[in-house]
Amino acid sequence: MPRKPPRICGCGQLVAAGTRCACQKRHDAERKARFDKGRPSAAARGLDADWRRLRKDHLRKHPFCSRCGELALEVDHIIPRSVAPARRLDPTNLQSLCKPCHSGAKQREERRNHTR
Ligand SMILES: [Zn+2]
Ligand SMILES: [Zn+2]
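The structure reproduced in this document is the subject of the present report. (Residues numbered from 1 in each chain as written. Chains lettered and ligands numbered in written order. Predicted model: local features only at pLDDT ≥ 70, side-chain atom pairs only at ≥ 80, totals over all residues. Heavy atoms only, no water.)

Let's talk about the environment of isoleucine 79
Formally: Numbered from the N terminus, helices here are DSSP runs of H or I no shorter than four residues, and strands are runs of E no shorter than two. For every residue, the accessible area (1.4 Å probe, protein chains only) is compared with the maximum for its type, and the residue is labelled buried under 20%, exposed over 50%, or partly exposed between those bounds. By definition, residues are in contact when any of their heavy atoms lie within 4.5 Å.
Structurally, isoleucine 79 can be placed in the loop between strand S3 (74–77) and strand S4 (94–97). The exposure class of isoleucine 79 is partly exposed, given its relative accessible area of 30%. Taking C-alpha positions, isoleucine 79 is 10.0 Å from glutamine 95, a pair spaced 16 residues apart along the chain. Excluding its chain neighbours within four sequence positions, the residues that come into contact with isoleucine 79 are Ala84, Arg87 and Asn93.

Right, here's the structure in full:
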C-alpha cells in the first residue's frame, strides 16, 4: 500500500496524511466547547421561563409578604434550592416576600451555608 504524501495545511504546517493538523484540532475543541456551553444555558432559559411564569402567578395569588404583610415583590423558596433543587418549581414551596424580608431571608440562608 503506497504511503500518501503529507499535505500542507492552510496554516502552513506539514501534516501527515490521514491526520488532522493541530490548528484543526484546536478548532474542533473550540467548536465543541462552544456547543457544550450553549446546551445547558438553553435548558436553563427554558427553566427560567417556567420560573418567571410561576413567580408571576404566585405574586398574583399572594400579593403580600408572608412575614410582614407589606406588598411583596419577590417570591422565595421556603426550602432553599440548595437543599431541595427538585422543589424549585413546586408551588407549595413558595412564599411571597417584600424586598427587605427577602434580602433578610437570603442573608440568613447564606450565613447558614457558610457555617455548614
Ligand atoms: Zn493547520
Ligand atoms: Zn416583608
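Thoughts on the nonpolar core
Quick reminder of the rule: Among buried residues, those of type Ala, Val, Leu, Ile, Met, Phe, Trp, Tyr and Cys that are joined through side-chain atoms within 4.5 Å constitute a nonpolar core.
Counting six residues, the largest nonpolar core consists of Trp51, Leu54, Leu59, Ala72, Val75 and Leu94. Of all the elements, helix H1 (residues 22–61) adds the most residues to this core, at three residues. Not counting residues within four places of it along the chain, the set of residues in contact with leucine 54 comprises Arg88, Leu89, Asp90, Pro91 and Leu94.

Digging into the coordination of the zinc ion (ligand 1)
Worth spelling out the cut-off: Only N, O and S atoms count as donors, using a 2.8 Å cut-off from the metal and 3.2 Å for Na, K and Ca, and because water is excluded some sites may appear unfinished. Geometry assignment treats four donors as tetrahedral when all angles are between 85 and 135 degrees, treats four as square planar and six as octahedral when opposite donors are over 155 degrees apart and all others between 65 and 115, and treats everything else as irregular.
Looking at the metal site, the zinc ion (ligand 1) is ligated by Cys9 (SG), Cys11 (SG), Cys21 (SG) and Cys23 (SG), spaced 2.2 to 2.3 Å from it. Because the angles between the four donor atoms bound to the zinc ion (ligand 1) fall within 104 to 115°, the donor set is best described as tetrahedral.

A word on the coordination of the zinc ion (ligand 2)
For the zinc ion (ligand 2), every protein donor is listed as Cys65 (SG), Cys68 (SG), Cys98 (SG) and Cys101 (SG), and the spread of their distances is 2.3 Å. Each of the four donor atoms around the zinc ion (ligand 2) contributes to a set of angles spanning 104 to 118°, which defines the coordination as tetrahedral. Within one chain, the residues serving as donors to the zinc ion (ligand 2) are arranged as C-x2-C-x29-C-x2-C. Taken together, the positions of cysteine 68 in the loop between H1 and S3 and cysteine 98 in the loop between S4 and helix H2 (99–115) put the pair 30 residues apart, joining distant regions of the chain. Residue classification places cysteine 98 among the buried residues on the basis of a relative accessible area of 5%.

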